[in-house]
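Listed below, chain by chain, are the residues.
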Amino acid sequence: MSISNNPDEAQPMRIEDMPGATKKPRRKRKPSTKVDSAVEVQEVSTPKMTSPAKAKPADIDVQSAQDIIFAANPGPQEDFLASSEQEVLYGGAAGGGKSYAMVADPVRYFNNGQSRGLLVRRSTEELRELISVSKQLYPRAIPGIKFMERDKTWVAPSGATLWMSYLDRDDDVMRYQGQAFNWIGLDELTQWPTPFAWNYMRSRLRSTSASKLPLYMRATTNPGGPGHHWVKSMFIDPAPANTSFSATNEHGDVIQWPKGHTREGEPLFKRRFIPANLFNNPYLSEDGMYEANLLSMPEHQRRQLLDGDWSVSEGAAFTEFNPKHHVVEPFTIPHDWAKFRACDYGYGSMTAVLWFAVAPSEQIVIYRELYCSKVTASDLADRILEAERGEKIRYGVLDSSLWHNRGDTGPSLAEQMILKGCRWRPSDRSRGSRMAGKNEIHRRLQVDEFTGEPRIVFFNTCRNLVSELPSLPLDKNNLEDVDTKSPIDHGYDALRYGLMTRPRSSLFDYDPALQRSGFQASDSVFGY
């Protein structure tokens, strides 16, 4: 009998359904263990909501599992990479790992496609070292990063860029006009003779609020070089090393938000100097060879490169100046010590006024300074008298050229101050006086072999003079004199004028009215 697969056709009758047949009890069917193919497909296509428990794998030791491309040296290098101040200078001595720190710092922003960085040296030749270091680090640390040789630019997969360029002359800042960077680095900052490049590049530091990128300027350098003095004044002198401080201008005043601003009177931003030396870098200091090379150098270079000493500069006139010996904490000047002042005046340039005290041991103490510019002689007299209120100043010595009448019929600049009650005597500007004055400063800076004390010391509050004196360069055409074209010789001239008055403590034990030796004023009104 054939069985049709057509459901409409009649099906054969089962035995139990025939008439008179006894109906057998049906057996209960056991559930089939076979899975219907349609159901099986459905189960495969639908993920199960539960999964069997699995043993938790051991924690991964990330430090040992990953390939560490660069790890900062503990100490100054870590501090530099973690610093939050807007402007930071890293360096001091040679061998502190400055180049690697500078190249590693902008990497943190390479995941942000809006990051734009700029790293510059003064010349393209000097830039090669940084490019070489970056080629060792970046391709291994950031897979997919590319270096555009023609543009000297790194381009990260995110779109972030780091332009490695140069800035030689002041006119070269025009290369960056109209551009914006959230990170700017200047390597070997003292190679720039003036702060013009650094200050201008600050104007290129900007980003949108949407990018959430901070704004940073970073620099590295050693002491010495043509820009030694301005870098020292900007980063070293305002505060102790590794201390955050409010940024100051060229006169030492804190740069603040202007009047009328919602943040009026607040500091604009912070700076910090992070010193480092050879012994902070174990990769160079362990075998001692590099240290031996630095120890073999002339003293002033050794102090700069091995000790990171900012108190000496190459070609300086007074290399014997040492803050450890010549700079002291302020103390109360005894009332019986003789006091006098000296001044080198300038209106367009800087005016420097120094106050001297003579100890019984004949040691000179410079205990106060006043630096200013664009101040008339009459107003300067008011400032001086205000500073001296309550003090007994024996005399003052002023640049003798201020007694000259330059074609006018009125009182000279010196006479204008004297009429205010600020009395002066003219300085010695005779032939040979400059050389004699310089020699006297050398003599005073010497440490007495019997007492162990120098013949002159400076309060550490005299920041300008303490900064300028060790940086003052020699005249290349006359090694017996300082460079008269140097912009930092005003304090030196005032110091020279004062020391050449031959101050002696014993001279002031007498009543000046009865004194028959030493200086005698020929005019009781004008004081000369």
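Preceding this paragraph is the structure being described.
To keep things clear, this report deals only with the structure shown in the data block. Computed from a predicted model, the values in this text were never measured in an experiment.

The rules behind the values
Residues numbered from 1 in each chain as written. Predicted model: local features only at pLDDT ≥ 70, side-chain atom pairs only at ≥ 80, totals over all residues. Heavy atoms only, no water. Buried < 20%, exposed > 50% of the residue type's maximum accessible area, 1.4 Å probe, protein only. Helix = DSSP H or I, 4+ residues; strand = E, 2+ residues; numbered from the N terminus. Arc of directions from axis to C-beta. Contact = heavy atoms within 4.5 Å. Phe/Tyr/Trp six-rings, centres within 6.5 Å; stacked < 30°, edge-to-face > 60°. Lys NZ or Arg CZ within 6 Å of the ring centre and 35° of its normal. Pairing = 2+ DSSP bridges. Right-handed = clockwise from strand over helix to strand, strands pointing away. Expected span 1.5 Å × (residues − 1). Core = buried A, V, L, I, M, F, W, Y, C linked by side-chain atoms within 4.5 Å. 1 Å grid on protein atoms, 1.4 Å probe; cavity = no way out; pocket = protein on both sides within 12 Å on 5 of 7 lines; lining within 4 Å. Points joined across faces, edges and corners; volume = space filled by probe spheres on them. Nonpolar A, V, L, I, M, F, W, Y, C, P; charged D, E, K, R; others polar. Axes fitted to C-alpha atoms, helices over the stretch in contact; angles between N-to-C directions. Polar contact = N/O pair within 3.5 Å; in protein donor to acceptor, adjacent residues only side chain to side chain. Parallel < 35°, antiparallel > 145°, perpendicular 65-115°, else oblique.

1. Remarks on helix 12 (residues 377-387)
Here's step 1: Taken together, the buried positions of helix 12 are A377, L380, A381 and I384. All buried residues of helix 12 lie within an arc of 105° about the axis, which places them on one face of the element.
Here's step 2: Where the residues of helix 12 are buried, they touch strand 11 (338-344), strand 12 (350-358), strand 13 (364-373) and helix 13 (413-419).

2. Side note on the packing of aromatic side chains
Here's step 1: Per the stated rule, a full pass over the model turns up 15 aromatic pairs.
Here's step 2: The interplanar angle of 80° and the centroid separation of 6.2 Å between the aromatic rings of F331 and W337 together place this pair among those described as edge-to-face.
Here's step 3: By relative accessible area, which is 37% here, F331 ends up partly exposed.
Here's step 4: Three or more aromatic residues link up through ring pairs in this structure, and these residues are F110, Y138, F147 and W154.
Here's step 5: For R368, the ring lying beneath its charged end belongs to W355, and the centroid distance is 5.0 Å.
Here's step 6: It is K438 that lies over the ring of F318; its NZ or CZ is 5.8 Å from the centre.

3. Some points on the pairing of strand 7 (residues 216-221)
The two faces of the sheet receive side chains in turn, since in a regular strand these alternate between them.
Here's step 1: Across the 6 residues of strand 7, 6 count as buried, placing the element largely inside the fold.
Here's step 2: Because side chains alternate across strand 7, one face comprises the buried residues Y216, R218 and T220, and the other comprises M217, A219 and T221, equally buried.
Here's step 3: Of the pairings in the sheet, the one linking strand 1 (residues 87-92) to strand 7 comprises 5 bridges and is parallel in character. By the bridge assignment, Y90 is partnered in strand 7 with T220.
Here's step 4: Pairing geometry for strand 6 (residues 183-187) and strand 7, over 5 bridges, is parallel. When the bridges of strand 7 are listed, I184 appears paired with M217.
Here's step 5: In this region the chain leaves strand 6, passes through helix 6 (residues 196-202) and returns to the parallel neighbour strand 7; the handedness of that crossover is right-handed.

4. Brief notes about helix 14 (residues 433-445)
Here's step 1: A rise of 1.5 Å per residue sets the reference length of helix 14, with its 13 residues, at 18 Å; its end C-alpha atoms lie 18 Å apart and thus fit the reference within 8%.
Here's step 2: Listing the buried residues of helix 14 in full gives S433, G437, K438, E440, I441, H442, R444 and L445.
Here's step 3: Those residues of helix 14 that are buried are in contact with helix 11 (323-326), strand 13, strand 16 (456-459), strand 17 (474-475), strand 18 (478-482) and helix 16 (490-499).

5. Comments concerning the nonpolar core
Here's step 1: With 60 residues, the main nonpolar core has I366, L380, F458 and L495 as its most contacted residues.
Here's step 2: For this core, the leading source of residues is strand 12, giving 8 residues.
Here's step 3: Core analysis: the second largest hydrophobic core is formed by 26 residues, W163, L167, L186 and W310 among them.

6. Here's the deal with the layout of surface pockets
Here's step 1: Considered as a void within the structure, the largest pocket measures approximately 1500 Å³ in volume.
Here's step 2: Taken together, 47 residues make up the lining of the largest pocket; nearest its centre are H229, W230, S233, P487 and I488.
Here's step 3: Among the secondary structure elements, those contributing two or more residues to the lining of the largest pocket are helix 6, helix 7 (228-236), strand 13, helix 15 (463-468) and strand 17.
Here's step 4: Looking at the lining of the largest pocket residue by residue, the classes come out as 15 nonpolar, 20 polar and 12 charged.

7. What to know about the sheet that holds strand 11
In a beta sheet, neighbouring strands are held together by backbone hydrogen bonds and run either parallel or antiparallel to one another.
Here's step 1: Pairing in this open sheet of 7 strands is mixed, and the strands run 10-16-13-12-11-14-15 from one edge to the other. Edge positions in the open sheet fall to strand 10 (327-328) and strand 15 (425-426), since each of these has one partner strand only.
Here's step 2: Bridging between strand 14 (residues 395-398) and strand 15 involves 2 bridges; their strand directions are parallel. If you follow V397 over to strand 15, its bridge partner there is R425.
Here's step 3: Packing against the sheet, helix 16 makes contact with strand 11, strand 12, strand 13, strand 14 and strand 16, and its axis sits at approximately 35° to strand 12.

8. A word on the sheet that holds strand 7
Here's step 1: One open sheet accounts for 9 strands, arranged 3-4-5-2-6-7-1-9-8; its pairing is mixed. Among the strands making up the open sheet, the edge pair consists of strand 3 (146-148) and strand 8 (245-246).
Here's step 2: Looking at chain direction, strand 2 (residues 116-121) and strand 5 (residues 161-166) are connected through 6 bridges and run parallel. Bridging across to strand 5, L118 finds its partner in W163.
Here's step 3: Strands strand 2, strand 3, strand 4 (153-155), strand 5 and strand 6 of the sheet are contacted by helix 5 (residues 124-141), whose axis makes an angle of about 155° with strand 5.

9. What to know about the side chain of K339
Here's step 1: Secondary-structure assignment places K339 in strand 11.
Here's step 2: A polar atom in the side chain of K339 sits 2.9 Å from the side chain of E391.
Here's step 3: Once you skip the residues sitting within four places of it in the chain, K339 turns out to touch I333, F356, A357, Y367, E391, K392, I393, R394 and Y395.

10. A few points about the packing of helix 14 against helix 16
Here's step 1: Packing of helix 14 against helix 16 leaves a shortest axis separation of 9 Å and a crossing angle of 85°. Classed by the angle they form, the pair helix 14 and helix 16 counts as roughly perpendicular. Residues S433, R434, G437, K438, E440, I441 and R444 of helix 14 pack against Y492, D493, L495, R496 and L499 of helix 16.
Here's step 2: For the contact of helix 14 with helix 16, the per-class residue count stands at 4 nonpolar, 2 polar and 6 charged.

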